[in-house]
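Now for the letters of each chain:
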Amino acid sequence: MDLYNFAIQNRELLRMFYTLIVGVICFVIVIKTNRLFKLSLHQGIRYFRNAFFFYGLAFITRWFLGTEYIFGSLKLIQASAMKIIFEFFLIMAGFFLLYSLLWKKLEVEKGSFSSLFNPRIILFYALAFIIALLDYLWKTYYFMFGSQIILFIYASIISYANYKISERQQGLLKLYFIVIVLNFIAWLSNFVIATIFNWSQIGVINIYILNLIIFLLFLYSVISVTKKSSV
């Protein structure tokens with residue numbers, strides 16, 4: 001309990017440290033998966049890469065907007081901006097992971113000219129903004145939690161089916177399945193802490209630890225697959 005007491009007493013510093021580490025992990029994953037895309041030219045990896053780019057943006061933005069010295073007295077605007085932007089980036093990351101599994105069905109041409117801006121992705125941007133705005137207006141996180149839990153249940157089913165059916169690219173498909181399932185676990189755990197434990201301080205610290213472990217597992221999985229692909 002001494003460790004928890006120390007963490008609670010220094011929770012703001014812990015939160016900033018945690019968000020910065022997760023953000024850095026995400027951008028390392030972006031670099032690794034971008035190299036994997038260049039090796040394989042697998043279009044789905046572009047959207048997989050974008051997912052972690054947006055996860056990284058979410059946590060770096062949270063770290064940046066959580067720094068008191070930047071915005072000074074503009075606390076209300078700062079807090080509002082952080083909530084909406086942080087949620088928007090998180091939700092878009094989930095949409096990109098789903099899109100990375102469905103791109104063949106959604107894109108008529110092989111590989112859109114842009115993996116960040118095309119008509120289908122813009123629809124996801126709009127939907128992500130609406131969900132984040134609804135959470136802000138209703139002062140809740142339920143719209144985000146609900147959308148992401150449903151999304152990752154669906155994505156887990158698709159990813160598992162792809163992994164079991166295909167005999168090729170087993171390493172890549174296994175990576176997809178691991179990432180999707182771990183994301184589902186993370187979102188479900190965050191939802192439980194928010195609803196049942198009402199964001200208790202010890203619960204939040206446990207979520208920080210769990211999320212950090214999950215993102216480290218993401219990094220380990222990506223490094224393992226990229227090493228095998230480069231051999």
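What counts as what
- Residues numbered from 1 in each chain as written.
- Predicted model: local features only at pLDDT ≥ 70, side-chain atom pairs only at ≥ 80, totals over all residues.
- Heavy atoms only, no water.
- Helix = DSSP H or I, 4+ residues; strand = E, 2+ residues; numbered from the N terminus.
- Buried < 20%, exposed > 50% of the residue type's maximum accessible area, 1.4 Å probe, protein only.
- Polar contact = N/O pair within 3.5 Å; in protein donor to acceptor, adjacent residues only side chain to side chain.
- Contact = heavy atoms within 4.5 Å.
- 1 Å grid on protein atoms, 1.4 Å probe; cavity = no way out; pocket = protein on both sides within 12 Å on 5 of 7 lines; lining within 4 Å.
- Points joined across faces, edges and corners; volume = space filled by probe spheres on them.
- Nonpolar A, V, L, I, M, F, W, Y, C, P; charged D, E, K, R; others polar.

Asker: Residue-level account of the side chain of Ser-100, with values.
Answerer: As for its placement among the helices and strands, Ser-100 is situated in helix α5 (residues 75-106). Its relative accessible area of 4% is what places Ser-100 among the buried residues. A polar atom in the side chain of Ser-100 sits 2.5 Å from the backbone oxygen of Leu-97. Aside from chain neighbours lying at most four places away, what touches Ser-100 is Gly-44, Tyr-47, Phe-48 and Tyr-176.

Asker: Hey, could you go over the side chain of Glu-87 for me, with residue numbers and the actual values?
Answerer: Checked against the element boundaries, Glu-87 lands in helix α5. Assessed through its relative accessible area of 0%, Glu-87 is described here as buried. With residues up to four places along the chain from it excluded, the contact list for Glu-87 reads Met-82, Ile-131, Ala-132, Asp-135, Thr-140, Tyr-141 and Met-144.

Asker: Give a detailed account of the layout of surface pockets, specifying residues and quantitative values.
Answerer: Empty space among the atoms can be located by rolling a probe the size of a water molecule over them. Quantified by volume, the largest pocket comes out at close to 810 Å³. Looking at the largest pocket, it is lined by 30 residues, and the ones nearest its centre are Arg-62, Phe-86, Tyr-141, Trp-199 and Tyr-208. Ranked by the residues each element gives to the lining of the largest pocket, the list is headed by helix α9 (residues 201-230), at 9 residues. Along the lines of polarity and charge, the residues of the lining of the largest pocket split into 20 nonpolar, 4 polar and 6 charged.

Everything listed here is a matter of geometry and, on its own, says nothing about what the molecule does.
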